[in-house]
Amino acid sequence: LLQDARNSSVLNNDVVGAFLQSGRVAGLSRPVKIQFWHDTVLDASNATCVFWKPGAGAGSTGSWSREGCETTHGEGTVICHCDHLTYFAVLLLPAGALTPAQLASLTHITTVGCSLSAAATLCTLLLCCFSRAGTHRHALPSPSCRRWLRDNTTGIHMHLLAALLLLNCSFLLSAPLAAGAEGLCQATAALLHASLLCALAWMAAEAFHLLLLLVKVYNIYIQCYLLKLSLFAWGLPVLAVAAVFVFKRDTYGYHAISTSEGYGNTTMCWLTSSPAHYATLCYAGLILLFNTLVLGRVAVILRRIRKQKGQASKDWATVLGLTCLLGTTWGLAFFRFGVFLVPQIYLFTILNSLQGLFVCLWYVTVHCRSKPGSGSNTSR
């Protein structure tokens, strides 16, 4: 009878009802005290006092709410202090649930970060276009393998920036469009999923290209190189998402982010299927593993030349820039456990929502250093 739509669980399945025959009791200046005994490890992060709030609409059973109730924990007990009489229970919270204040701050950080990244990637794309046009206008033909690799570098950067721009824009649209029609939300979720997969794939393309620049510089020429990378990084993810959208559209839709207090949730358009979610995590994990290995290879090579005067600091600054370019900060998604949960979520949100901005700053720095007369053309 007292089961909400989310099938939430309560401590020991115990529900206590307290009433007066004279009528409804609410707004007490001296709260009533209800005590629940248990033999498990509980604290404020995974258990809270709630009361049953009947549904207002037809067909709605109701939900648990903590409004007007305070929770204290003792040894083997949970004590509820509530300013009204009704049905009470101790709601067991899912592991890692955020408070409404934390969710609100993370939403604000993400919105600001993605907006800055979208603007930065758009500006950098324009800079790449002008830079590439000027380079092609003044460049002399050269059969050099290193020249061939360097000519494709800017093109790969431009594709990554375009993928990040699409990712940021689709993410910013996912929350507002969640209030609209279901079909529109499903299309937005599919676009967000495809842009994420494409962005990760272009990060892998950056790592592969960097590996060619560092290790195999001689006698390397791949016909239609950029086209083949585009088929891998754009074609495969878009084809996979399109197939899922056509044959199993309910994989995409409304995704609710629950909080630890009450039922105030944030909804966005995203994956609704657990298998699709885990498949995306595996895909991201494989790419990030490859990129991390490439970044480690870069660090080893830079360590060999760190004895050169003044070179070490510049090289490690380059490694930090490549960390953003290869998206290795996305690996923080795999460290959500224990006391690191909330700090990890904030760090993940800040670093990855601002990835487009970091890539923009890195590209502008490298572009300025690689100009004729700047004294360095190696980092490009």
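Computed from a prediction, not measured in an experiment: that's the story for all the values here.

> Requested: an account of the packing of aromatic side chains, with residues and values cited.
In total, this model carries 6 aromatic pairs according to the counting rule given. Between phenylalanine 19 and tyrosine 87 the ring centres are 5.1 Å apart and the planes differ by 75°, which places this aromatic pair in the edge-to-face class. With phenylalanine 19 in the loop between strand E1 (16-17) and strand E2 (32-37) and tyrosine 87 in strand E7 (residues 87-92), this pair connects stretches of sequence that are 68 residues apart. Overall, the relative accessible area of 52% leaves phenylalanine 19 in the exposed class.

> How would you explain the UniProt feature "transmembrane region" (unreviewed entry) in the protein chain if you had to name every residue and give the values?
Look at the UniProt record and you will see "transmembrane region" (unreviewed entry) annotated at residues 156-179, 191-214, 226-247, 276-295, 316-339 and 345-364. Within residues 191-214, the helical portion is 100% and the strand portion 0%, while the C-alpha atoms at the span's ends are 34 Å from each other. Within residues 226-247, the helical portion is 100% and the strand portion 0%, while the C-alpha atoms at the span's ends are 31 Å from each other.

> Outline the sheet that holds strand E3 (residues 47-54), supporting the account with residue identities and numerical values.
Reading across the sheet, the 4 strands line up as E1-E7-E3-E4 and stay open at both edges, with antiparallel pairing between neighbours. This sheet does not close on itself; its edge strands, each paired only once, are E1 and strand E4 (62-65). Here E3 pairs with E7 via 5 bridges, running antiparallel. Paired with alanine 47 across the two strands is leucine 92, which belongs to E7.

> Which residues make up the nonpolar core, and what values do they have?
By size, the foremost hydrophobic cluster in this structure holds 56 residues, and its most contacted members are Trp202, Met203 and Leu322. Every element with two or more residues in this core is listed here: helix H1 (100-138), helix H2 (145-174), helix H3 (182-214), helix H4 (225-247), strand E9 (266-271), helix H5 (274-304), helix H6 (311-325) and helix H8 (355-369). Of the residues forming this core, the biggest block, 17 residues, is contributed by H3. By size, the runner-up hydrophobic cluster in this structure holds 13 residues, among which are Leu11, Ala47, Cys49 and Cys82.

How each quantity is defined
Residues numbered from 1 in each chain as written. Predicted model: local features only at pLDDT ≥ 70, side-chain atom pairs only at ≥ 80, totals over all residues. Heavy atoms only, no water. Phe/Tyr/Trp six-rings, centres within 6.5 Å; stacked < 30°, edge-to-face > 60°. Helix = DSSP H or I, 4+ residues; strand = E, 2+ residues; numbered from the N terminus. Buried < 20%, exposed > 50% of the residue type's maximum accessible area, 1.4 Å probe, protein only. UniProt positions renumbered as here; feature names shortened; annotations may be inferred. Pairing = 2+ DSSP bridges. Core = buried A, V, L, I, M, F, W, Y, C linked by side-chain atoms within 4.5 Å.

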